[in-house]
Amino acid sequence: AILEKIKPDGKVLGIDADSAAIKRIKPRKRLILICGNFKDLKKIVQERGFGPINGILFDLGLSSWQIEESNRGFTFQKDEALDMRFQPTAGQPKADNHQDLTALEIINTWPEEALKEIFRKYGEEKYSWKIAKQIIWERNKGVIKTTFALREVIKRAIPTGRTQRSSINRVLARIFQALRIVVNDELENLKQGLEQALEILEPNGRLVVISFHSLEDRIVKRFFRPTTDQLASLSRSGPQAGKIKILTKKPVMASEKEIKENPRSRSAKMRAAERLAS
């Protein structure tokens, strides 16, 4: 759709951390595909002499293909190995964005306090300490190797009063989200990517971000809009100080029609800003 809007000469540089996802995309004229991470956005752009840049879109999180077909353990609804890396290193040439840390390593080797902290911080799960304690107990009896094995451990940690399927699934989703964020260092990479995006964007260019959970959206919101204290002191943090105009007073959400056609769009929030000329 973007290629159609910017024809005949406009080009799109597409960056994805998952080389397998890139291989699934049909080659097109004016589309350049790179396996990398947007934490290296400025470097990738400079190395390829790509510019001037009039628009940047961050589409965060993971794809339906990664959930349904990648076999990397992103979902608790399929029995798969505990991996969760966007770019597994096995069988792949070692690239700048290679990853070694897996969910398997975190679950089976990290101390209880560290597990509790990531479940609380990145999953916002109130039963973090119970789940962390249960994981330690279970792994002392044997390695927790698969998503289904971890799912059962988490279920045993949840107080018996929370037995409704929807409640259990929400807890599972939060824990799996937390693990995926840590494995891929998603939030820190987002912060770095946003800062670099503003540096390379042309005046009057647009920066658009689609996020899928509150932790991501919070980072984007803070990047776009400084706090009252920062404004008062004229010491706004981040390179965006005095450089952008917010175009979305509130995040744009999917319509009911779109949600019916694509249920996974329900949690999506889109924010946009424009790089000022001076």
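Predicted model only: the values in this text are computed from it and were never measured. (Residues numbered from 1 in each chain as written. Predicted model: local features only at pLDDT ≥ 70, side-chain atom pairs only at ≥ 80, totals over all residues. Heavy atoms only, no water.)

**Some words on the overall build of the protein chain**
Stage number 1. A count of helices and strands for the protein chain gives 13 helices and seven strands.
Stage number 2. Taken across its 278 residues, the protein chain has 42% of its residues classed as buried.
Stage number 3. Of the contacts formed within the protein chain by residues at least 6 apart in sequence, a portion of 63% connects residues at least 24 apart.
Stage number 4. Of the roughly 15,800 Å² of accessible surface on the protein chain, 51% is carried by carbon and sulfur atoms. (Helix = DSSP H or I, 4+ residues; strand = E, 2+ residues; numbered from the N terminus. Buried < 20%, exposed > 50% of the residue type's maximum accessible area, 1.4 Å probe, protein only. Contact = heavy atoms within 4.5 Å. Areas by Shrake-Rupley, 256 points an atom, 1.4 Å probe, with all protein chains shown as cover.)

**Remarks on the packing of aromatic side chains**
Stage number 1. Scanning all chains against the criterion turns up four aromatic pairs.
Stage number 2. Pairing F76 with F176 gives two aromatic rings, centres 5.8 Å apart and planes at 70 degrees, and the pair type is edge-to-face. With a gap of 100 residues between them, F76 in the loop between helix 4 (64-68) and helix 5 (103-109) and F176 in helix 9 (residues 165-184) connect regions that are remote in the sequence. Taken as a pair, F76 and F176 share a single burial class, namely buried.
Stage number 3. Over the aromatic face of F148 sits the side chain of R151, whose NZ or CZ is 4.0 Å from the ring centroid. (Phe/Tyr/Trp six-rings, centres within 6.5 Å; stacked < 30°, edge-to-face > 60°. Lys NZ or Arg CZ within 6 Å of the ring centre and 35° of its normal.)

**A few points about the environment of L41**
Stage number 1. In this fold, L41 is placed in helix 3 (residues 41-47).
Stage number 2. For L41, a relative accessible area of 8% puts it in the buried group.
Stage number 3. For the pair formed by L41 and I200, sequence separation is 159 residues and the distance between their alpha carbons is 8.9 Å.
Stage number 4. The residues contacting L41, other than those within four sequence positions of it, are I15, I56, F58, G193, Q196, A197 and I200.

**Thoughts on a nonpolar patch on the surface**
Stage number 1. Judged by side-chain polarity, I2, I6 and L57 come together as a nonpolar surface patch covering roughly 240 Å² of accessible area.
Stage number 2. Topologically, L57 is positioned in strand 3 (residues 53-59). (Patch = residues over 30% accessible without salt bridge, like charges linked within 9 Å, V, L, I, M, F, W, Y side chains within 5 Å. Salt bridge = Lys/Arg side-chain N within 4 Å of Asp/Glu carboxyl O.)

**So, a positive patch on the surface**
Stage number 1. A cluster of basic side chains, namely K221, R225, K249 and K250, defines a positive patch on the protein surface.
Stage number 2. By secondary structure assignment, the location of K249 is in the loop between strand 5 (244-246) and strand 6 (252-253). (Lys, Arg positive; Asp, Glu negative; His and termini not counted. Charge placed at Lys NZ, Arg CZ, Asp CG, Glu CD.)

**Comments concerning the pattern of salt bridges**
Stage number 1. Throughout the structure, instances matching the rule amount to 21 salt bridges.
Stage number 2. The salt bridge involving D83 is made with R85; its shortest N-O contact spans 2.8 Å. Judged on exposure class, the residue D83 and its partner R85 are both buried.
Stage number 3. Between K257 and E261 there is a salt bridge whose closest N-O contact spans 2.8 Å.

**Looking at helix 7 (residues 128-139)**
Stage number 1. In this model helix 7 runs 16 Å from its N-terminal to its C-terminal C-alpha over 12 residues, within 8% of the 16 Å that 1.5 Å per residue would give.
Stage number 2. Regarding helix 7, the residues found buried are S128, I131, A132, Q134, I135, I136, E138 and R139. (Expected span 1.5 Å × (residues − 1).)

**Thoughts on the confidence of the model for the protein chain**
Stage number 1. Looking at the protein chain, pLDDT values average 88 and 87% of them are 70 or higher.
Stage number 2. With pLDDT under 50 throughout, residues 90-95 is counted as low confidence; its partners more than four residues away or in other chains account for two contacts.
Stage number 3. Segment residues 227-237 is flagged for pLDDT under 50; beyond a separation of four residues in sequence, or across chains, it makes eight contacts in the model. (pLDDT = per-residue confidence, 0-100.)

**Some details on the nonpolar core**
Stage number 1. If you look at the biggest cluster of nonpolar residues, it comprises 60 residues, and the most contacted ones within it are F58 and F119.
Stage number 2. Counting residues per element, this core draws most heavily on helix 9, at 10 residues.
Stage number 3. Setting aside residues up to four positions removed in sequence, F58 forms contacts with F38, L41, L190, G193, L194, A197, L207, V208, V209 and I210. (Core = buried A, V, L, I, M, F, W, Y, C linked by side-chain atoms within 4.5 Å.)

**Observations concerning empty space enclosed by the protein**
Stage number 1. With the rule as written, the count across this model stands at one cavity of 30 Å³ or more.
Stage number 2. Each pocket or cavity is described by its volume, and for the largest cavity that value is around 40 Å³.
Stage number 3. Class assignment for the residues of the lining of the largest cavity results in two nonpolar, one polar and three charged. (1 Å grid on protein atoms, 1.4 Å probe; cavity = no way out; pocket = protein on both sides within 12 Å on 5 of 7 lines; lining within 4 Å. Points joined across faces, edges and corners; volume = space filled by probe spheres on them. Nonpolar A, V, L, I, M, F, W, Y, C, P; charged D, E, K, R; others polar.)

**A short note on the packing of helix 6 (residues 112-123) against helix 7**
Stage number 1. Two elements in contact, helix 6 and helix 7, have axes whose closest approach is 8 Å; the angle formed by their N-to-C orientations is 140 degrees. With respect to their mutual orientation, helix 6 and helix 7 come out oblique. For the element pair helix 6 and helix 7, the recorded crossing hand is right-handed. Across from E112, L115, K116, F119 and R120 in helix 6, the residues of helix 7 making contact are S128, W129, I131, A132, K133, I135, I136 and R139.
Stage number 2. Tallied by class, the residues present in the contact of helix 6 with helix 7 amount to seven nonpolar, one polar and five charged. (Axes fitted to C-alpha atoms, helices over the stretch in contact; angles between N-to-C directions. Parallel < 35°, antiparallel > 145°, perpendicular 65-115°, else oblique. Left-handed = near helix turned anticlockwise from the far one by under 90°.)

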